[in-house]
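Structure at a glance
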Amino acid sequence: MPYEKLLLENKAWAKEMLADDPNYFNRLAHLQTPEFLWIGCSDSRVPADKITGTQPGEIFVHRNIANLVIHTDVNLLSVLDYAVNHLKVNHVIVCGHYGCGGIKAAMTNHDYKYVLNMWLRNIKDVYSLYKDELNAIENDEQKTDRLVELNVKEQVMRLAKTSIIQRAWKNENRPVLHGWVYGLKDGIIKSIFDLQPGDEMDPIYKYDDL
Ligand SMILES: [Zn+2]
């Protein structure tokens, strides 16, 4: 059975790790001090640790369709709160990828039924924000890729609108927020947009009594 292969591979991997370092699991079991929170797409071709060469214990990961930051998403906000306030990460990375199926789906007028429509609506809202720029791009693939980049930028700005990030910026001058896009065709990550602690934002989103 296909799933049995996963369990066999797991045993082989554990054995290999122990052969390299007999103390490997002992040490990891008692220590989690990642420097990075990764908010990425669920796409199976974009594994956060593999493409960044990070080891277990080095990167805290949250993934959803099209790497969205939604201010009512309790799952994402819990991950963000824990990573920023307990693990004390210094960098939060939103990483999208060119050719993203979620982005492509949101650009159609197809009815994906209730739950997916609700999720994809957030991407349509990003499209609408930048529609002048996007509508001017004639090539479909280029248009999709540009929305992938703009979506990442928008999600980084949404992170900065949370009191979780603003409080950490004010009290501890961290984390830096990064917007990246991964290329499925070449395996290269491109940096799109960064926000440093204290960077300017639309004043209506800024809390002044944190
Ligand atoms: Zn994707």
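Everything below is about the structure shown above.
Note that the structure is a prediction, hence the values are computed from the model and not measured.

This part covers the coordination of the zinc ion. Coordination of the zinc ion by the protein involves Cys 41 (SG), His 97 (NE2) and Cys 100 (SG), with metal-donor separations of 2.0 to 2.3 Å. All donors to the zinc ion come from one chain, and their sequence spacing reads C-x55-H-x2-C. In this pair, Cys 41 is assigned in strand β1 (residues 36–41) and His 97 in strand β3 (residues 91–97), connecting sequence segments 56 residues apart.

Here we take up the nonpolar core. A general feature of soluble globular proteins is that nonpolar side chains tend to end up buried together. Counting residues in hydrophobic clusters, the biggest one holds 46 residues, and the most contacted among them are Leu 37, Ile 39, Ile 123, Leu 159 and Leu 177. The residues touching Ile 123, leaving out its near neighbours within four places in the chain, are Ala 66, Leu 68, Gly 102, Ile 103, Ala 106 and Leu 147. Core analysis: the next-biggest nonpolar cluster, separate from the first, contains 7 residues, Ala 48, Ile 93, Cys 95 and Tyr 182 among them.

So, on to the pattern of salt bridges. Tallied over the entire structure, the rule returns 11 salt bridges. Of the charged contacts in the structure, one is a salt bridge between Arg 27 and Asp 21, with a shortest N-O distance of 2.9 Å. Arg 174 serves as the salt-bridge partner of Glu 172, at 3.0 Å between the closest nitrogen and oxygen. What makes Glu 172 partly exposed here is its relative accessible area of 39%.

Before going further, it helps to examine the packing of aromatic side chains. Counted by the stated rule, this structure contains 4 aromatic pairs. Plain terms: the ring middles of Trp 13 and Phe 25 are 5.6 Å apart, the flat faces sit at 75 degrees to each other, and that makes the pair edge-to-face. Residue Trp 13 is located in helix α1 (residues 2–20), and its partner Phe 25 is located in helix α2 (residues 24–29); the two are separated by 12 residues in the primary sequence. Residue Trp 13 is classed as partly exposed on the basis of its relative accessible area of 37%.

Let us look at the packing of helix α6 (residues 114–129) against helix α8 (residues 140–160). At a closest axis distance of 10 Å, the pairing of α6 and α8 adopts a crossing angle of 100 degrees. Taken as axis vectors, α6 and α8 run roughly perpendicular relative to one another. Contacts from Asn 122, Ile 123, Val 126, Tyr 127 and Leu 129 of α6 reach α8 at Lys 143, Leu 147, Leu 150, Asn 151, Glu 154, Gln 155 and Arg 158. Classifying every residue of the contact of α6 with α8 by side-chain character gives 6 nonpolar, 3 polar and 3 charged.

Rules used in this analysis
- Residues numbered from 1 in each chain as written.
- Predicted model: local features only at pLDDT ≥ 70, side-chain atom pairs only at ≥ 80, totals over all residues.
- Heavy atoms only, no water.
- Donors = N, O, S within 2.8 Å, 3.2 Å for Na, K, Ca; no water.
- Helix = DSSP H or I, 4+ residues; strand = E, 2+ residues; numbered from the N terminus.
- Core = buried A, V, L, I, M, F, W, Y, C linked by side-chain atoms within 4.5 Å.
- Buried < 20%, exposed > 50% of the residue type's maximum accessible area, 1.4 Å probe, protein only.
- Contact = heavy atoms within 4.5 Å.
- Salt bridge = Lys/Arg side-chain N within 4 Å of Asp/Glu carboxyl O.
- Phe/Tyr/Trp six-rings, centres within 6.5 Å; stacked < 30°, edge-to-face > 60°.
- Axes fitted to C-alpha atoms, helices over the stretch in contact; angles between N-to-C directions.
- Parallel < 35°, antiparallel > 145°, perpendicular 65-115°, else oblique.
- Nonpolar A, V, L, I, M, F, W, Y, C, P; charged D, E, K, R; others polar.

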